[in-house]
Amino acid sequence: MSTSKRLNSDRLETQFKDFKPALDRAEATEEAQRCINCFDAPCIKACPTGIDIPKFIRRIGSNHVQGAAKTILDSNIFGLSCAECCPVETLCEGACVYNDLNHKPITIGKLQRFAIETAYDASMEFYKPGKASGKKVALLGAGPASFAAAHELRIHGHEAVIFEKSEIAGGLNTTGIAPYKMRAEVSLREVERILKMGVKVEYGKELGRNVDLNKLVQEYDAVFLGLGLGADSKFDAAGADHPRVTGAVDFIAKMKTCQASELAWMKNVKTALVIGGGNTALDACRELKGLGVEQVVVSYRRGEAEMSGYKHEFKWARQEGVDFWFHTLGGCRWPGNAYRDHTDVERRPGFSGDRPGKAGVVADKNDWFEIRKGPPAGRTQDGPHGARENICRWRLGQWRNGSRQRSG
Amino acid sequence: MADLTTKFLGITSPNPFWLASAPPTNTGGQVMRAFEAGWGGAVWKTLGKPITNVSSRFGAIDYAGRKVAGFNNIELITDRPLDVNLKEMAEAKRRYPKHTLVASLMVETREEWKDIIRKVEDVGSDAIELNFGCPHGMCERGMGSAVGQEPKLLELITSWAKEFARVPVIVKLTPNITDVTRPAQAAKRGGADAVSLINTIKSIIAVDINDFVPLPKVAGKSTNGGYCGPAVKPIALHMVGSIAKDRLVGIPISGIGGISDWRDAVEFMLMGAGNVQVCTAVMHYGYRIIEDMVEGLSDYMDAKGFRTPMEITGKAVPNYKEWGELDQSYHHVAEIHPEACIGCNLCVVACDDGGHQCIAVKPEVRRAPIVHEPECVGCNLCELVCPSPGAITMRKTERTAHHH
Ligand SMILES: Cc1cc2nc3c(=O)[nH]c(=O)nc-3n(C[C@H](O)[C@H](O)[C@H](O)COP(=O)(O)OP(=O)(O)OC[C@H]3O[C@@H](n4cnc5c(N)ncnc54)[C@H](O)[C@@H]3O)c2cc1C
Ligand SMILES: Cc1cc2nc3c(=O)[nH]c(=O)nc-3n(C[C@H](O)[C@H](O)[C@H](O)COP(=O)(O)O)c2cc1C
Ligand code: SF4
């Protein structure tokens, strides 16, 4: 058994400031006292972990922060991470009745963060391992799913051993969350508390490589699969191996955990194209902005309304100066759904992403289309729409999926 | 702009707003700044025999994010030398002759009353106020509320003051008494020209739960003080109203207690006050609050057609009845307006646990709950707890009240 990899102190994510700053005690008390304390509150129903929100808020209001933290943690042992990175705008805060009064909803996420941070800063302890049951459970993957399960198992006195393929604990909660929402150390802080419950972690143990499921099933009373959704999808296109084309999740992980030197090439990047319209794309574009990339463009194959990323995140990205190009597949055929329009591309002259040394490309795993480094500047010859396409100066290549070949 | 000029005991003030005898009227510099800001009058910080004050002196209750919902003090009367105060009073009156200057006094013997009344009249005081209200420090010495709680003694001292004074005499009453009309009647019998009320309510503002010392702390110990500020307004309004209603009193009232804005002031005047006095709100926000008080009162008077502030006085008194005089057959029920309802269900839990179990949740999220009218007693608790303006109103019904 080894310990989790340490975070590098000069990692790039430390440049980011909190997008939603923490509340101080006076602010928290005032905000807590604003809560109506709804009966049968809609915010509770909107919380995927069912935290009794008015209950914990009332405890903050009465200056009983310990009780507030306990209320949260009883429902969700990752109460701090969730306070900082949950999309509260569409969950609890989106359900707050104040919205119907045209008032600002209660800032539930910030109050939750206040409660847990205050409790943790004061080294309050809430749980003890239960009496040994003699049973043991193997958990695969050291993400929040396994850790939350392991914590629960320890409370009931079962042994919990996590097998993690990487060298770092916390899964995407450590390596994936946009740093202006939450830094990796917050994830590890919560992991640390769960480890104290006696959870063991074996690093460098990958299911299918050096871990055998059949053996685990024999050795343990139960096996929990907490493997997450897996790595970035491969950018299956010509040019995908270009050194400046990277998967977003991989890029974000480096920014959050590695030495800055591992992303040294980012230094000179002035423009970046983010491909995709999901939440990872919306994180990535704001992260690039935060790292000082002057022009960040999100290109998305469909329209604004179809984007799967949250509306509030989209709004903030726009406010931070990110450009959005909708319907920008440049004639590339999309499986089953012909690309419609790409006129938006034309409205954005001056994008010079193809200049060597100036471009960073971050590809969201969800969008699969092809980019090749184009000619230095000027017109591409082979776009289906001729001169129109050159304005984007990304030369769109071929969809390499057997029959779905586009001409030109 | 309405004319706010107010006549009270024959004294003319630019408006009905006086500063109560308290820290805001401690010094000449302050009182002159207050007059400059627009205050109609000032009752000087109580003069008497030399004392010292302690530190700390104050405590406050914060409520729901608002600071100083209630305020507590263990301060005594002025701790400045009498001759300094007198000199500054003279200067203030000389420089602001149109503003009302009232001397608040608290001494013990007949001779002391005679002496100090002469001195404050000599510096131009328009009236004197006898402090029979202070509930801490002075009462243990047989002054302040110790007098206010003893109608006979109050009457006697009032009569001394009337004997010596050429200017009107106001008796300031303590609320620390079961029936405030008794000392008010005594003041009348003693010849007082008016009463002013309330002084502070005996209180302990809070206790430090870590070191077990009540607040405010003076070297690790504390004592009871006097409570004032917005929290005491309902108590003061009742006391003012009950004196205004009492035929045995029948003298003017200067209303005090939790007044923070023009609306509070209007309420006191409607309940019978001829003018009002303010302390805590000024300690909290400064003399500048007078601007809003003056403008707000003026707009209110214009809107209601009052030509002078005196016309407001007592307008609500005929509507203040004994419980037994109320119409027992009147009945109304709660009505929930779904278009304004935000679905918090606070009315449901309030009626269930603290009312009469007649509001039911509608199962669908964010649907207005339903009132079961035959069970509704019309207590209006639901209307009070509802956070959405207009979502619950009370509707008159013909049915008589339903008793359980
Ligand atoms: C870029 C990005 C940003 C995100 N931002 C947010 C956000 O702001 N808010 C939010 O609520 N959610 C966000 N999420 C989602 C959130 O991170 C995940 O929902 C959460 O981490 C899932 O937890 P998990 O434990 O199921 O999986 P993961 O966090 O993915 O953890 C799985 C773990 O299993 C390990 N593993 C994988 N395969 C094997 C194997 N074969 N053998 C052993 N170990 C293995 C992995 O290394 C990893 O440590 C984001 C996700 C991404 C990608
Ligand atoms: C609507 C209502 C009715 C009350 N009825 C009574 C009563 O019948 N008898 C009684 O002794 N006190 C009664 N009280 C006073 C309460 O018992 C309590 O002393 C008072 O409300 C102060 O406490 P609180 O403000 O902290 O709740 C009543 C209070 C309220 C609000
Ligand atoms: S919906 Fe809003 S006001 Fe109601 S309990 Fe939840 S946070 Fe409080």
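The rules behind these values
- Residues numbered from 1 in each chain as written.
- Chains lettered and ligands numbered in written order.
- Predicted model: local features only at pLDDT ≥ 70, side-chain atom pairs only at ≥ 80, totals over all residues.
- Heavy atoms only, no water.
- Helix = DSSP H or I, 4+ residues; strand = E, 2+ residues; numbered from the N terminus.
- Rg over C-alpha atoms; globule rule 2.2 N^0.38 Å.
- Buried < 20%, exposed > 50% of the residue type's maximum accessible area, 1.4 Å probe, protein only.
- Contact = heavy atoms within 4.5 Å.
- Lys, Arg positive; Asp, Glu negative; His and termini not counted.
- Charge placed at Lys NZ, Arg CZ, Asp CG, Glu CD.
- Axes fitted to C-alpha atoms, helices over the stretch in contact; angles between N-to-C directions.
- Parallel < 35°, antiparallel > 145°, perpendicular 65-115°, else oblique.
- Left-handed = near helix turned anticlockwise from the far one by under 90°.
- Nonpolar A, V, L, I, M, F, W, Y, C, P; charged D, E, K, R; others polar.
- Near = heavy atom within 4 Å.
- Polar contact = N/O pair within 3.5 Å; in protein donor to acceptor, adjacent residues only side chain to side chain.
- Areas by Shrake-Rupley, 256 points an atom, 1.4 Å probe, with all protein chains shown as cover.
- Pairing = 2+ DSSP bridges.
- Domains from an automatic or database assignment.
- Buried area = accessible area lost by both parts, 1.4 Å probe.
- Salt bridge = Lys/Arg side-chain N within 4 Å of Asp/Glu carboxyl O.
- Core = buried A, V, L, I, M, F, W, Y, C linked by side-chain atoms within 4.5 Å.
- Patch = residues over 30% accessible without salt bridge, like charges linked within 9 Å, V, L, I, M, F, W, Y side chains within 5 Å.
- pLDDT = per-residue confidence, 0-100.

1. Remarks on the overall build of chain B
Argument step 1. Tallying secondary structure elements over chain B gives 12 helices and 19 strands in all.
Argument step 2. In terms of overall size, chain B behaves like a compact globule, its C-alpha atoms giving a radius of gyration of 24 Å where 404 residues would be expected to give roughly 22 Å.
Argument step 3. Across its three principal axes, chain B shows a C-alpha extent of roughly 75 × 55 × 40 Å.
Argument step 4. Per-residue burial over chain B gives 52% buried out of 404 residues.
Argument step 5. For chain B, the share of sequence-separated contacts (at least 6 apart) that also reach a separation of at least 24 residues comes to 70%.
Argument step 6. Taken as two groups, the 43 positive and 46 negative side-chain charges of chain B have centres that lie 4 Å from each other.

2. Some remarks on the packing of helix α4 (residues 65-75) of chain A against helix α7 (residues 108-121) of chain A
Residues and elements named next belong to chain A.
Argument step 1. Here α4 crosses α7 at 110 degrees, and the two axes come no closer than 8 Å. In terms of their interaxial angle, α4 and α7 are classed as roughly perpendicular. In terms of crossing hand, the pair formed by α4 and α7 is left-handed. The segment α4 lies against α7, with Val65, Ala68, Ala69, Ile72 and Leu73 engaging Gln112, Phe114, Ala115, Ile116, Thr118, Ala119 and Tyr120.
Argument step 2. Of the residues assigned to the contact of α4 with α7, the class counts are 10 nonpolar, 2 polar and no charged.

3. A few points about the site of ligand 1
Residues and elements named next belong to chain A.
Argument step 1. Surveying the vicinity of ligand 1 reveals 25 residues, the closest of which are Cys85, Ala145, Glu164, Leu172 and Leu207.
Argument step 2. Pro144 is positioned with one of its backbone polar atoms (N or O) 3.1 Å from an oxygen atom of ligand 1.
Argument step 3. Between an oxygen atom of ligand 1 and a side-chain N or O atom of Glu164, the distance comes to 2.6 Å.
Argument step 4. Computed on the free molecule, ligand 1 has an accessible area of 990 Å², of which 76% lies beneath the protein chains in the complex.

4. Concerning the sheet that holds strand β6 (residues 58-63) of chain B
All names here are of chain B.
Argument step 1. As summarised here, the arrangement of the 4 strands in space is β6-β7-β13-β12, forming an open sheet in which the pairing is antiparallel. Bordering the open sheet on either side are β6 and β12 (201-203), each of which pairs with just one other strand. Sheet twist, expressed as the average angle between the axes of neighbouring strands with direction ignored, equals 40 degrees.
Argument step 2. As paired elements, β6 and strand β7 (residues 66-73) share 5 bridges and run antiparallel to each other.

5. Thoughts on the domain arrangement of chain A
Residues and elements named next belong to chain A.
Argument step 1. Structurally, chain A comprises domain 1 (12-121), domain 2 (136-225) and domain 3 (245-405).
Argument step 2. The gap between the C-alpha centroids of domain 1 and domain 2 is 26 Å.
Argument step 3. With 17 residues of domain 1 at the contact, the number on the domain 2 side is 19 residues.
Argument step 4. Taken together, the two surfaces of domain 1 and domain 2 that pack against each other cover about 1,700 Å², and 58% of this comes from carbon and sulfur.
Argument step 5. Of all residues in domain 1, the largest losses of buried area upon contact with domain 2 belong to Glu13, Phe78 and Tyr120, amounting jointly to 37% of the total for that side.
Argument step 6. The residue Arg189 makes a salt bridge to Asp121 at a minimum N-O spacing of 2.7 Å.
Argument step 7. Counting every contact that joins domain 1 to domain 2 gives 9 residue pairs in polar contact (both at pLDDT 80 or more).
Argument step 8. When residues of the side of domain 1 that touches domain 2 are traced back to their parent elements, those giving at least two are α5 (79-85) and α7.
Argument step 9. Counting residues per element, the side of domain 1 that touches domain 2 draws most heavily on α5, which supplies 5 residues.

6. Observations regarding the site of ligand 3
Argument step 1. Lining the immediate environment of ligand 3, one finds Cys35, Ile36, Cys38, Ala41, Cys43, Pro54, Cys96, Val97, Ile106 and Ile108 of chain A.
Argument step 2. Among the residues making up the shell around ligand 3, the classes are represented as 10 nonpolar, no polar and no charged.

7. Some thoughts on the pairing of β7 of chain B
All names here are of chain B.
Argument step 1. What sits between the antiparallel neighbours β6 and β7 is a turn of 2 residues, in which Ala64 has the positive phi angle 50 degrees.
Argument step 2. Direction of pairing for β7 relative to strand β13 (residues 225-228): antiparallel, over a ladder of 3 bridges. Within β13, the position partnered with Asn72 by the bridge is Tyr227.

8. Focus on the nonpolar core
Argument step 1. In this structure, Trp39, Trp113, Ile128 and Leu197 of chain B are the most contacted members of the largest nonpolar core, which totals 81 residues.
Argument step 2. A total of 7 residues in this core trace back to one element, the largest contributor, which is helix α10 (residues 289-304) of chain B.
Argument step 3. Apart from residues lying up to four places away in sequence, Trp113 of chain B is in contact with Leu105, Met106, Val107, Glu108, Leu130, Phe132, Ile157, Trp160 and Phe164 of chain B.
Argument step 4. By size, the runner-up hydrophobic cluster in this structure holds 62 residues, among which are Ile51, Ile72, Cys92 and Leu139 of chain A.

9. Section: the sheet that holds strand β4 (residues 222-225) of chain A
Consider a sheet: its strands pair through backbone hydrogen bonds, and that pairing is either parallel or antiparallel.
Residue and element names in this part refer to chain A.
Argument step 1. Taken together, the 4 strands give an open sheet; going across it, the order is β3-β2-β1-β4, and neighbouring strands pair in parallel fashion. The open sheet terminates on both sides in strands that have one partner only, identified here as β3 (200-202) and β4. For this sheet, the mean angle separating the axes of adjacent strands, direction not counted, is 25 degrees.
Argument step 2. Taken together, the 5 bridges between strand β1 (residues 136-140) and strand β2 (residues 159-163) define a ladder with parallel strand orientation.

10. Quick look at a negative patch on the surface
Residues and elements named next belong to chain B.
Argument step 1. Residues Glu291, Asp292, Glu295, Asp299 and Asp302 make up a contiguous surface patch of negative charge.
Argument step 2. Relative to the assigned elements, Asp302 resides in helix α10.
Argument step 3. For Asp302, a relative accessible area of 43% translates into the label partly exposed.

11. Focus: the pattern of salt bridges
All names here are of chain B.
Argument step 1. One pass over the full model with this rule turns up 47 salt bridges over all chains.
Argument step 2. Taking the shortest distance from any N to any O, the salt bridge between Arg110 and Glu163 comes out at 2.7 Å. Taken together, the positions of Arg110 in helix α3 (residues 110-122) and Glu163 in helix α5 (residues 151-164) put the pair 53 residues apart, joining distant regions of the chain.
Argument step 3. Taking the relative accessible area as the measure of exposure, Arg110 reaches 34% and is therefore partly exposed.
Argument step 4. A salt bridge links Asp193 to Lys162; the nearest nitrogen and oxygen atoms lie 2.8 Å apart. On the criterion of sequence distance, the pair formed by Asp193 in the loop between α6 (181-189) and β11 (194-197) and Lys162 in helix α5 is long-range, its members being 31 residues apart.
Argument step 5. Residue Asp193 is classed as partly exposed on the basis of its relative accessible area, which comes to 24%.
Argument step 6. Owing to a relative accessible area of 27%, Lys162 belongs among the partly exposed residues under this scheme.

12. Describing the confidence of the model for chain A
Detailed reading of the predicted model is not advised wherever pLDDT is low.
Residues and elements named next belong to chain A.
Argument step 1. Scored by pLDDT, chain A comes out at a mean of 81, with 77% of its residues at no less than 70.
Argument step 2. Segment residues 330-361: pLDDT under 50, and 95 contacts once partners within four positions in sequence are set aside and those in other chains are kept.
Argument step 3. The low-confidence segment residues 363-408, where pLDDT is below 50, has 123 contacts with residues more than four positions distant or belonging to other chains.

13. Quick word on the pairing of strand β8 (residues 100-106) of chain B
All names here are of chain B.
Argument step 1. Where burial is concerned, most of β8 is hidden: 7 out of the 7 residues are buried.
Argument step 2. Judged by which residues are buried, β8 turns out to be covered on both faces: Thr100, Val102, Ser104 and Met106 on one side and Leu101, Ala103 and Leu105 on the other are all buried.
Argument step 3. Here strand β4 (residues 41-43) pairs with β8 via 3 bridges, running parallel. Residue pairing across strands places Ala42 opposite Leu101, the latter belonging to β8.
Argument step 4. Bridge count for strand β5 (residues 47-48) against β8 is 2 bridges, and the pairing is parallel. Bridging across to β8, Gly48 finds its partner in Met106.

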